[in-house]
Amino acid sequence: MNQEPFLLAGFDAGQTTCRCRLSRWDGEHLQVVGEGRGSGVSHLDAPDGEERFRRAVGTSLASALEQSRAKSQEQSLGREHLSAAAIGASGIEADTDLQTRGVALLASALALPEHRCLATGDERTALRGAFPDRAGIVIISGTGMIVVGRDATGREHRCGGWGWRLDGAGSAFDIGHQALQLSVRMADGRVPDGPLRHKLWTALECCTAAELKARVVRESHAVADEAKLASLVTDAAVSGDPAARMILQRSATALAEAAVATAHALDLQAPCLEARGGALEHMPLFRQLVETSLREQLPDCHWQATGGDACHGALVFALDRSGLRPR
């Protein structure tokens, strides 16, 4: 048996940080040998997008190699032993020119042949991590949202996640944005005023609708700033504020609709679901409303909470391209 320490690298690249996990394939299982973190990425079409991509891959891989050496004391272990790699990064759509560019960048950064590399969306690596070899649907709701599923043959379908300008319904941003829209209607007298407006405006240090308008058009005001307001909406809903609960319900219904559409597209009659993202993991009432809506529309669906993460999904993709496992 070949004892060369061939490695597989799986990357989960976010805007603030990129994780890298190194594993060996023993013929049956992926054995983790090191993990590390590096700088984050941006969209490849951003002014510094390609440079940030390369830096994220390089810094996170170096960190993972350092940990693996410290754990195993294999001082010879290095990137020259990489057999294949895959990365999941936001904004890389499957079967697009952007994906082709991502593959070329990853291969160049790691000195690997392009056929041994894959660059894809982070939702795809999340799906493969949760359901490596079987059907299922991953529902992701964090700052943004997206739903992606696969059937038993490997056919995939994505729903939602087309960016906050077009399609944020079901995300933390959506919840915060709805709340701000409601707050200006309250301030105008179009709907009854309530405590939610005061909580939102206090958090944003605004006293009038004019100040709020000026705040949200600043270049420094980002999508994440409105996503952070979702926790205030949730707290208000838990305290019995009907306006806040209605916002949560609308967003939960929208997220459930995306999951239902995915199940129908893949003809999954009793789909297994996995929840990912801060809105579903840290806002129990929102999660409850999503689950209730799904039970009404997909009564035979069920949830799992033991699937692998996006780095594991990237490693499964890398294994597919390594030639180490018969396909």
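Our subject is the structure listed above.
Residues numbered from 1 in each chain as written. Predicted model: local features only at pLDDT ≥ 70, side-chain atom pairs only at ≥ 80, totals over all residues. Heavy atoms only, no water.

Let us now look at the overall build of the protein. A count of helices and strands for the protein gives 12 helices and 10 strands. Projecting the C-alpha coordinates of the protein onto the three principal axes gives extents of approximately 75 × 45 × 35 Å. Buried positions account for 50% of the 327 residues belonging to the protein. Partitioning the intrachain contacts of the protein with sequence separation of at least 6 by distance along the chain shows that 65% fall at a separation of at least 24. Carbon and sulfur atoms provide 51% of the accessible area of the protein, an area that totals close to 15500 Å². Mean positive and mean negative side-chain charge positions of the protein (35 and 41 charges, respectively) differ by 1 Å. (Helix = DSSP H or I, 4+ residues; strand = E, 2+ residues; numbered from the N terminus. Buried < 20%, exposed > 50% of the residue type's maximum accessible area, 1.4 Å probe, protein only. Contact = heavy atoms within 4.5 Å. Areas by Shrake-Rupley, 256 points an atom, 1.4 Å probe, with all protein chains shown as cover. Lys, Arg positive; Asp, Glu negative; His and termini not counted. Charge placed at Lys NZ, Arg CZ, Asp CG, Glu CD.)

Mapped onto the fold, Ser60 is located in helix α1 (residues 49-72). Reaching out from Ser60, the side chain makes a polar contact with the backbone oxygen of Val57 at a distance of 3.3 Å. Apart from residues lying up to four places away in sequence, Ser60 is in contact with Phe11, Cys18, Arg19, Cys20, Gly36, Arg37 and Gly38. (Polar contact = N/O pair within 3.5 Å; in protein donor to acceptor, adjacent residues only side chain to side chain.)

Take helix α2 (residues 97-110) next. With 14 residues, α2 ought to run about 20 Å at 1.5 Å a step, and its terminal C-alpha atoms sit 20 Å apart, in line with that. Among the residues of α2, those classed as buried are Leu98, Gln99, Gly102, Val103, Leu105, Leu106, Ala107, Ala109 and Leu110. (Expected span 1.5 Å × (residues − 1).)

A few words on the pattern of salt bridges. This model, assessed by the stated rule, comprises 16 salt bridges. A salt bridge links Asp320 to Arg128; its shortest N-O distance comes to 2.8 Å. Placement of the pair is Asp320 in helix α12 (residues 310-322) and Arg128 in helix α3 (residues 122-130), with a sequence separation of 192 residues. Its salt-bridge partner being Arg197, residue Asp193 comes within 2.7 Å of it at the nearest N-O pair. (Salt bridge = Lys/Arg side-chain N within 4 Å of Asp/Glu carboxyl O.)

Turning our eyes to something else, we now look at the sheet that holds strand β1 (residues 7-13). If you trace the 5 strands from one edge of the open sheet to the other, you get β3-β2-β1-β4-β5, paired in mixed fashion. Of all strands in the sheet, those bounded by a partner on one side alone are β3 (30-39) and β5 (117-120). Here the average twist between neighbouring strands, direction ignored, is 15°. Taken together, the 7 bridges between β1 and strand β4 (residues 82-89) define a ladder with parallel strand orientation. Looking at the pairing, Asp12 lines up with Gly88 of β4. Packing against the sheet, α3 makes contact with β1, β4 and β5, and its axis sits at approximately 115° to β4. (Pairing = 2+ DSSP bridges. Axes fitted to C-alpha atoms, helices over the stretch in contact; angles between N-to-C directions.)

What follows deals with the pairing of β1. Of all 7 residues in β1, 7 are buried; the element is thus mostly enclosed. Where β1 lies against strand β2 (residues 17-25), 6 bridges are found, and the strand directions are antiparallel. The residue of β2 that forms the bridge with Ala13 is Cys18. Between β1 and β2, which pair antiparallel one after the other, the connecting turn spans 3 residues.

Attention now goes to the packing of helix α5 (residues 195-203) against helix α8 (residues 230-238). Axis separation between α5 and α8 bottoms out at 10 Å; the angle between their running directions is 155°. Judged by the angle between their axes, α5 and α8 are roughly antiparallel. Of the two elements, α5 crosses α8, and the hand of that crossing is right-handed. Contacts from Leu196, Lys199, Leu200 and Ala203 of α5 reach α8 at Leu232, Val233 and Ala236. (Parallel < 35°, antiparallel > 145°, perpendicular 65-115°, else oblique. Left-handed = near helix turned anticlockwise from the far one by under 90°.)

Glancing now at the pairing of β4. The buried count for β4 comes to 8 of 8 residues, which makes it a mostly enclosed element. Note that β4 and β5 share 4 bridges and pair parallel. The residue of β5 that forms the bridge with Ile87 is Ala119.

Tracing the backbone shows Ser239 in the loop between α8 and α9 (242-265). Taking C-alpha positions, Ser239 is 45 Å from Pro47, a pair spaced 192 residues apart along the chain. At 3.0 Å, the side chain of Ser239 forms a polar contact with the backbone oxygen of Asp235.

Here the focus is the packing of aromatic side chains. Between two aromatic rings, the relevant description is the distance of the centres plus the angle of the planes. Overall, the coordinates contain 1 aromatic pair when judged by the stated rule. With 5.8 Å between their ring centres and 65° between their planes, Trp164 and Phe173 make a pair best called edge-to-face. Against the face of Trp162 rests Arg158, its NZ or CZ located 3.5 Å from the ring centre. (Phe/Tyr/Trp six-rings, centres within 6.5 Å; stacked < 30°, edge-to-face > 60°. Lys NZ or Arg CZ within 6 Å of the ring centre and 35° of its normal.)

It is worth spelling out the sheet that holds strand β10 (residues 302-303) at this point. The strand order across the open sheet built from 5 strands is β8-β7-β6-β9-β10, with neighbouring strands paired in mixed fashion. With partners counted over all chains shown, the strands left at the sheet margins are β8 (156-159) and β10, one partner each. Each of β6 (136-141), β7 (145-150), β8 and β9 (272-276) is contacted by α3, which is oriented at about 45° to β7, the strand it contacts most.

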